[in-house]
Amino acid sequence: MLHLDLDTFFVSVERLRDSRLNGKPILIGGSSDRGVVAACSYEARKFGVHSAMPMRLAMQLCPEATIIKGSHADYTKFSMDVSGIIKEKVPVFEKTSIDEFYADLTGMDRFFGCYKMASELRDHVIYHTGLPISFGLSINKTVSKVATGEAKPNNKIWVKSGSERSFLAPLSVKKIPMIGSKTQQTLRGLGVRKVQTLQEMPKDMLVQIFGKNGASMWEKANGIDRSPVIPYSERKSISTEQTFNKDTTDINRLKNIILAMTEHLAYQLREENKLTACVAVKVRYSDFNTYTQQIRIPYTSADHILIPKVTELFDKLYDRRLLVRLVGVRFSSLVHGNYQINLFEDSGEIINLYQEMDWLRKKHGDRSIVRAKALGVNAIRTFNPFKGDTRVSKTE
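About the cut-offs
One numbering rule holds for all chains: residues counted from 1, following each sequence as written. Only residues with pLDDT of at least 70 are given local features in this predicted model, and only at 80 or more are side-chain atom pairs given and counted; all residues enter the totals for whole chains, interfaces and linings. Neither water nor hydrogens contribute to the side-chain values; these are computed over all heavy atoms in the structure. For the purposes of this entry, the term helix denotes a DSSP run of H or I that reaches at least four residues, the term strand denotes a run of E that reaches at least two, and both are numbered from the N terminus. Each residue is assigned to one of three classes by its accessible area relative to the maximum for its type, calculated with a 1.4 Å probe on protein chains only: buried under 20%, partly exposed between the two thresholds, exposed over 50%. Note on definitions: a residue-residue contact is assigned when non-hydrogen atoms from the two residues lie within 4.5 Å. To measure how exposed things are, a 1.4 Å probe is used in the Shrake-Rupley method; for residues, cover is taken only from the protein chains shown. Orientation is described by lines fitted to C-alpha atoms, with helices fitted over the stretch in contact, and by angles between N-to-C directions that extend from 0 to 180 degrees. By the definition adopted for this analysis, an angle is roughly parallel if under 35 degrees, roughly antiparallel if over 145, roughly perpendicular if from 65 to 115, and oblique otherwise. Handedness of a crossing is defined here by the sense of rotation of the near helix relative to the far one, left-handed for an anticlockwise turn of less than a right angle and right-handed for a clockwise turn. Charged means Asp, Glu, Lys or Arg here, nonpolar means Ala, Val, Leu, Ile, Met, Phe, Trp, Tyr, Cys or Pro, and polar covers whatever is left, Gly included. Only buried Ala, Val, Leu, Ile, Met, Phe, Trp, Tyr and Cys residues count toward a nonpolar core, and they belong to the same one when joined by side-chain atoms within 4.5 Å. We count a salt bridge whenever a side-chain nitrogen from Lys or Arg sits within 4 Å of a carboxyl oxygen from Asp or Glu. Identification of polar contacts relies on pairs of N or O atoms within 3.5 Å, with a donor-acceptor requirement for protein atoms, meaning one able to donate a hydrogen and the other able to accept it, and with residues adjacent in sequence counted only if both atoms are side-chain atoms. Confidence of the predictor in every single residue is expressed as pLDDT, which spans 0 to 100. Any two strands with at least two DSSP bridges between them are considered paired.

Trainee: Go over the overall build of the chain with me, naming the residues and quoting the values.
Mentor: When helices and strands are counted, the chain shows 14 helices and 14 strands. A burial count over the chain gives 50% of its 396 residues as buried. Restricting to contacts in the chain with at least 6 residues of sequence separation, those with at least 24 account for 64%. Within the structure as shown, the chain displays about 19800 Å² of accessible surface, and the carbon and sulfur contribution to it stands at 51%.

And the structure:
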């Protein structure tokens, strides 16, 4: 089982775009009071900065860091490029996030040698994308993932069959996937700091303390993991959300934001040759009550069809008496296909307009051309920096 992880992926992409960032502490994320760190460079981590940390705190720890909002279009492009390379080179692979992959190389040792094949794949990714990438190779996913973490930055580790327990034994228990900070604190209270101690504990004792998770924890600590590589499948929905720096009842501003969201998501559909048949809008008020409305529609990726539907759903949800904290738009039931012209409502001018607008966005950036009402709206992101899927709260 091969595990691959692009090192500080967002930072690496930004450095490919601007070499002046090399060697400097970089923070990717929102810069407002509610902003969080989506990613940070190794130089910033030396100051105690980590992902998901409030940006305000990160800047206190590392005031000389450069803050970059990040580019969804660039990150998605590079992620797809890497996915394409892996897909061509391995029998089956699993994409667990925007920058993390597993590949099942079972049987490849008979032809190439799994370590040689993994090394050549890594070299191929680096050569064709310029991105640093690390890998771990072992007989299962858990040990491979831990090995990748130990290999970083930009390196590789092969844990040979039979040496899993000895490889894991000297490591901190926090290196084991599924052991978070709370579980680590509980284990520390029991005097368990190294994986070796966990390996030597009776399995039943861990079950008594942690329930069924205790059994899984013991198995992972002992290098046992039977989970298969799940073949990569394309997403079935695309969405974006925006959390406001200050709750608002400005109806014009809210409508302009959801218009910008819809316009951006529709462009993403067309870029990926997809259509949607289900539109949803989400509104969260200052009291944290959250409401969602959705509607089924004929398959489409056209702004002039999607924007009225989204606006209609928002009007049903909006309560003028309450401050709004968050709004979101989601397209689901995605299928492959190009926009089908409506013979009775569309015109050649509209289709040509979409093609020209999309060409400009692809060449100059997805915010290079927008509707006038969307001009005041900050860049919309449609990825989750922590999971790699398409649901993210963007702080304005």
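Trainee: I'd like to hear about helix 6 (residues 141-151), residue by residue, with values.
Mentor: Judged by how many residues are buried, helix 6 sits mostly within the fold: 8 of 11 residues are covered. Residues of helix 6 that are buried: K141, T142, V143, S144, V146, A147, T148 and A151.

Trainee: I'd like to hear about the packing of helix 10 (residues 203-210) against helix 11 (residues 212-221), residue by residue, with values.
Mentor: One way to put it is that helix 10 packs onto helix 11 with a least axis distance of 6 Å and a crossing angle of 140°. If you check the angle between helix 10 and helix 11, you find them oblique. The way helix 10 lies across helix 11 gives a crossing that is right-handed. From helix 10, K203, L206, V207 and F210 reach across to helix 11, where they touch K212, N213, G214, A215, M217, W218 and E219. Classifying every residue of the contact of helix 10 with helix 11 by side-chain character gives 6 nonpolar, 2 polar and 3 charged.

Trainee: Before we move on, can you summarise the nonpolar core with the specific residues and values?
Mentor: Where a protein is soluble and globular, its nonpolar side chains tend to be buried together. Core analysis: the largest hydrophobic core is formed by 34 residues, its most contacted members being L2, F9 and L105. Going through the elements one at a time, strand 1 (2-6), helix 1 (9-17), strand 2 (26-29), strand 3 (37-40), helix 4 (72-89), strand 6 (100-104), helix 5 (114-129) and strand 7 (133-137) are the ones with two or more residues in this core. Each residue touching F9, except ones within four places of it in the same chain, is listed here: Y75, F78, S79, I98, D99 and L131. Counting residues in each nonpolar core, the second largest holds 26 residues, with F244, L254, L317 and F331 among its members.

Trainee: Please give an account of the pattern of salt bridges that cites residues and values.
Mentor: Taken as a whole, this structure holds 16 salt bridges when the rule is applied. Note that K145 and E100 form a salt bridge whose closest N and O atoms lie 2.4 Å from each other. Taken together, the positions of K145 in helix 6 and E100 in strand 6 put the pair 45 residues apart, joining distant regions of the chain. The class of K145 is partly exposed, set by a relative accessible area of 30%. For E100, a relative accessible area of 12% corresponds to the buried category. One salt bridge in this structure joins E150 and K175, with 3.0 Å as the shortest N-O distance. Here E150, found in helix 6, pairs with K175, found in the loop between helix 7 (164-168) and helix 8 (181-189); they are 25 residues apart in sequence, far enough to count as distant. Where salt bridges share partners, they join E14, R17 and D74 into one cluster.

Trainee: Mind laying out the side chain of D319, listing which residues take part and the relevant values?
Mentor: Within the secondary structure, D319 is located in the loop between helix 13 (303-317) and strand 12 (324-332). The class of D319 is buried, set by a relative accessible area of 18%. A polar side-chain atom of D319 sits 2.9 Å from a polar atom in the side chain of R321.

Trainee: Go over the confidence of the model for the chain, please, and point to the residues and values.
Mentor: Looking at the chain, the pLDDT average stands at 85 and 84% of residues meet or exceed 70. Predicted confidence is poor over residues 341-346, with pLDDT under 50, and the contacts of this stretch with residues over four places away or in other chains come to 5 contacts. Residue range residues 381-396 is modelled with pLDDT below 50. Its contacts to residues more than four positions away, or to other chains, number 65 contacts.

Trainee: Can you explain the sheet that holds strand 6? Please cite residues and give values.
Mentor: Ordered in space as 5-6-1-7-8, the 5 strands form an open sheet in which the pairing is mixed. For this open sheet the edge positions go to strand 5 (92-97) and strand 8 (156-158), each flanked by a neighbour on one side alone. The sheet shows a mean angle of 15° between the axes of neighbouring strands, taken without regard to direction. Judged from the 4 bridges that link them, strand 1 and strand 6 form a sheet pairing that is antiparallel. Within strand 6, the position partnered with D5 by the bridge is E100. The sheet contacts of helix 5 involve strand 1, strand 7 and strand 8, and relative to strand 7 the element is tilted by about 170°.

Trainee: Give me the lowdown on the pairing of strand 5, citing residues and values where you can.
Mentor: Alignment of strand 5 against strand 6, held across 5 bridges, turns out to be antiparallel. Bridge assignment links F93 to a residue of strand 6, and that residue is A103. Two successive antiparallel strands, strand 5 and strand 6, enclose a turn made up of 2 residues.

Trainee: Requested: an account of unusual backbone geometry, with residues and values cited.
Mentor: Here the bond from K152 into P153 is cis, since omega is 0°, no more than 30 degrees from zero. Its place among the elements puts P153 in the loop between helix 6 and strand 8. For M178, which is not glycine, the phi dihedral falls at a positive 95°.

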